[in-house]
Amino acid sequence: MDSTGNNFLSGKTFQSLVDHLKAQDKLPALVFSFDRMQCETLAAGLAQELVERENVLKGGERNLKLVKDQEKKRRQAEKQMKRKRDVTEKDKSKSSQRKNLEDQDEEKDLSVSNEPLPECTLAFTHGIGKEDLKKIIGPHSASSRKKEKKTHHCIQLALKRGISYHHAGLDNKRRSGVEMLFRKKYLQVVAATGTWPLVYICHARQLCLLETRPS
């Protein structure tokens, strides 16, 4: 396995390395590079590989069964909600409360359907609450979203899969968020430049030093 220069970024070499580290229980890992763009390329490329892996699984028989199970659960939930509506329909004072419960159920179904398959994410979700996670990986303001739409999309895609990058191009709030998520072990792979605080290196089980060669 060539672990230097552009060959390290081509194909699925980096993904193979991460898969190997995961199988050996050597995550979380820090990957150091002096090149900001290389850090972003590693994080975005790994996230995209996991997305493509998920798309393949979703087209297979295994995921077909999962979809059927989800549909069955949804139908059961709809029947239960209908029974609840029939029972409480006469009580107008509870109509607003019922609507709130339905909205919460819809939001819950949406969040579950948007979650990556377990085989296609590195994120360790047991160490952080969903509300705290939303605050960190939530959308920017409307003004900054227009200016940094592509960059923000890449960051969110990677963060959702337990991957990120860390360099001086990110603002202090974003870098602090990445550091906190790594300490909580939610992030399992971070590609970083020298901006990564030395005090947080101890939270990694594996360090990878990427040699950057001029093209």
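What counts and what doesn't
Residues numbered from 1 in each chain as written. Predicted model: local features only at pLDDT ≥ 70, side-chain atom pairs only at ≥ 80, totals over all residues. Heavy atoms only, no water. Buried < 20%, exposed > 50% of the residue type's maximum accessible area, 1.4 Å probe, protein only. Helix = DSSP H or I, 4+ residues; strand = E, 2+ residues; numbered from the N terminus. Contact = heavy atoms within 4.5 Å. Axes fitted to C-alpha atoms, helices over the stretch in contact; angles between N-to-C directions. Parallel < 35°, antiparallel > 145°, perpendicular 65-115°, else oblique. Phe/Tyr/Trp six-rings, centres within 6.5 Å; stacked < 30°, edge-to-face > 60°. Polar contact = N/O pair within 3.5 Å; in protein donor to acceptor, adjacent residues only side chain to side chain. Core = buried A, V, L, I, M, F, W, Y, C linked by side-chain atoms within 4.5 Å.

Caption draft 1: Representation of helix H1 (residues 13–23). For H1, the complete set of buried residues consists of Thr13, Phe14, Gln15, Leu17, Val18 and Leu21. Structurally, H1 contributes buried residues whose contacts are with strand E1 (29–32), helix H2 (36–58), strand E3 (189–192) and strand E4 (206–209).

Caption draft 2: Fine view of the packing of H1 against H2. Running from amino to carboxyl end, H1 crosses H2 at an angle of 75°, the nearest separation of the two axes being 9 Å. The orientation of H1 with respect to H2, classified from their angle, is roughly perpendicular. The segment H1 lies against H2, with Phe14, Gln15, Val18 and Asp19 engaging Leu42, Leu46, Glu49 and Arg53.

Caption draft 3: Examining the packing of aromatic side chains more closely. On inspection of all chains with the given rule, the structure shows two aromatic pairs. Pairing Phe182 with Trp196 gives two aromatic rings, centres 5.3 Å apart and planes at 85°, and the pair type is edge-to-face. Taken together, the residues Phe182 in helix H8 (residues 172–183) and Trp196 in the loop between E3 and E4 connect sequence positions 14 residues apart. With respect to burial, Phe182 and Trp196 carry one shared label: buried. Where Trp196 meets Tyr200, the ring centres are 6.5 Å apart and the plane angle is 70°; that geometry is what we call edge-to-face. Residue Trp196 is classed as buried on the basis of its relative accessible area, which comes to 3%. An aromatic cluster is defined as three or more aromatic residues linked by ring pairs; in this entry it consists of Phe182, Trp196 and Tyr200.

Caption draft 4: Spotlight on the side chain of Gln188. As for its placement among the helices and strands, Gln188 is situated in the loop between H8 and E3. At 2.6 Å, the side chain of Gln188 forms a polar contact with the backbone oxygen of Lys185.

Caption draft 5: Structural view of the nonpolar core. Ranked by size, the top nonpolar core spans 40 residues in total, and within it Ile163 and Trp196 carry the most contacts. Elements represented by at least two residues in this core include exactly H1, E1, H2, helix H5 (130–137), helix H7 (149–160), strand E2 (163–166), H8 and E3. If one sorts the elements of this core by residue count, H2 sits on top with six residues. When near neighbours in sequence (up to four residues on either side) are disregarded, Trp196 contacts Leu30, Phe32, His166, Val178, Glu179, Phe182, Val190 and Ile201.

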